[in-house]
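Per-entry structural report
Single-letter residue listing:
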Amino acid sequence: MRHPLQARRPSGRWALLSLLAATWWLAAPPAAAQDTPAPQASAPPEAPAAAPAAPQAEAAPQAEGAPQAEGAPQAAGAGAGAPPSAAAAGDRAERTVAAGDRAERGPARRERPGATSSRAAPSKKRRGDINPCMTPDPGWGVYDRWSRAPSIGQMIMPHKGGVTKRGGFDVIIHFHGHEALRKEFVKTAEGAVLVGIDLGIGSGAYSSAFSAPYVFENLLDSIERAVAKKTGKKKAYVRKLGLSAWSAGYGAIEQILRQPAGKRVDALVLLDSLHAGYADEHQRKLKVAQIEPFIAFARRAAAGEAFMFMSHSSILPPGYASTTETATFIVKQLRGKPRGSSRRDVLGLDMIQRFDRGGFHVRGYTGNDKPDHCAHLGLMADVMRVHINPRWKTPKGRR
């Protein structure tokens, strides 16, 4: 019998609309900022500067009077944490697409003590005349088009190759903005399978969907069956496993890392994506239990046992911790300190700080508007090329 969550697989049109609504949901805090207790925790790159395009569709205008920042996924199965007027957000998103490449700027942000400084958005020329929220499609490289074979989401596989003689293959499962991420992935990936999942507006949709361990286990099984069918390798199996998220997608990863199958994860990529609630907003004390799985994984990566990349913008969301605060907190748990940096990166991103230890890498950037948030997806091409490809040595894919 088909699993109930299969009904949530997004169509291409809804996948576009979800990314278009990317920054609207900040008007309401994500699941991480709510007062419900978090479950107990179980147990970059130097991205070369010149990589061109990044993500996909234009972000929607946000709710009136709300600060701009974090994005959300797609319209199917919004679930917990989704604002009540998600459908209206989709309508506004369509109007934004009709407006072309124009990205509306949000109201000025109040600065919090110790917050990363946010400079003016780069000029259009500085971004290479590309809207980071609606980048050109580079094509599919060695990959076939999206398949709906997984139990949740969609996947792309190399037309040929990408599998060892024994049937081993590598896979990255990305949460939130899968089509935008695909544009970057195919530029440098050498044969790894990509699974893209968009579930709703807000991190709660992702957290609820993957709260039961069998959901992720069934997903891995369905990916293996799909690869076995395509390649003829009856015993196809996941060799290396990576998880990736942009914006609200971290909600799924938090749940997965707490589960037994989470121990199989070798690579973790968070593109302007990790938030937490405040135990004390005035003193900016985080609800640490909500990010414990990420702290534990960062320790593994710093010790060279795994790979982890985090990027953060200078966006200041209302009422819960920014990606800057969560990244800085994790670095402090490793008794480290980010160091200043001055570097121009993809799609107009300006790096202002970084941290590297073993396989753990943090990159901090200026920018506090929608294009800046979208631009973080553009880092994925270099994450693959500089770090994951050499680490995994994935069998080559080919047309």
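Check the entry above for the structure.
A brief report on the enclosed structure follows. (Residues numbered from 1 in each chain as written. Predicted model: local features only at pLDDT ≥ 70, side-chain atom pairs only at ≥ 80, totals over all residues. Heavy atoms only, no water.)

Attention shifts here to the packing of aromatic side chains. Under the definition given, this model contains 5 aromatic pairs. Arranged with centres 5.3 Å apart and planes meeting at 85°, the rings of Phe175 and Phe210 form a pair that is edge-to-face. Note that Phe175 is positioned in strand E3 (residues 168–175) and Phe210 in the loop between helix H4 (203–209) and helix H5 (213–231), a separation of 35 residues in sequence. Residue classification places Phe175 among the buried residues on the basis of a relative accessible area of 0%. Ring-pair connections join several aromatic residues into one group, and the members of that group are Phe175, Tyr206 and Phe210. Directly above the aromatic system of Trp140 lies the positively charged group of Arg182, at a separation of 3.9 Å from the ring centroid. (Phe/Tyr/Trp six-rings, centres within 6.5 Å; stacked < 30°, edge-to-face > 60°. Helix = DSSP H or I, 4+ residues; strand = E, 2+ residues; numbered from the N terminus. Buried < 20%, exposed > 50% of the residue type's maximum accessible area, 1.4 Å probe, protein only. Lys NZ or Arg CZ within 6 Å of the ring centre and 35° of its normal.)

Not every positive phi belongs to a glycine, and Asp272 is a case in point at roughly 45°. By the element assignment, Asp272 lies in the loop between strand E6 (265–271) and strand E7 (278–280). Backbone geometry at Leu347 places phi at a positive 55°, although glycine is not the residue there. Assignment of secondary structure puts Leu347 in the loop between strand E10 (339–344) and strand E11 (350–357). With relative accessibility at 5%, the residue Leu347 sits in the buried group.

One pass over the structure, following the stated rule, counts 16 salt bridges. Among the ionic pairs, Asp144 bridges to Lys230, the shortest N-O distance being 2.8 Å. Highlighted residues: Asp144 in the loop between helix H2 (86–98) and strand E1 (154–156) and Lys230 in helix H5, separated in sequence by 86 residues. Assessed through its relative accessible area of 35%, Lys230 is described here as partly exposed. One salt bridge in this structure joins Asp382 and Arg385, with 3.2 Å as the shortest N-O distance. Taken as a pair, Asp382 and Arg385 lie in helix H10 (residues 380–392) at a separation of 3 residues, close to a single helical turn. Assessed through its relative accessible area of 42%, Arg385 is described here as partly exposed. Residues participating in the shared-partner salt-bridge network are Asp137, Glu179 and Arg182. (Salt bridge = Lys/Arg side-chain N within 4 Å of Asp/Glu carboxyl O.)

Here we come to the pairing of E10. Relative to E11, E10 is paired through 4 bridges, and the arrangement is antiparallel. From the neighbouring strand, Gly340 faces E11, where its bridge partner is Gln353. From the end of E10 to the start of E11, which pair antiparallel, there are 5 residues, and Leu347 there has a positive phi angle of about 55°. (Pairing = 2+ DSSP bridges.)

Shape is all these values report; function is a separate question.
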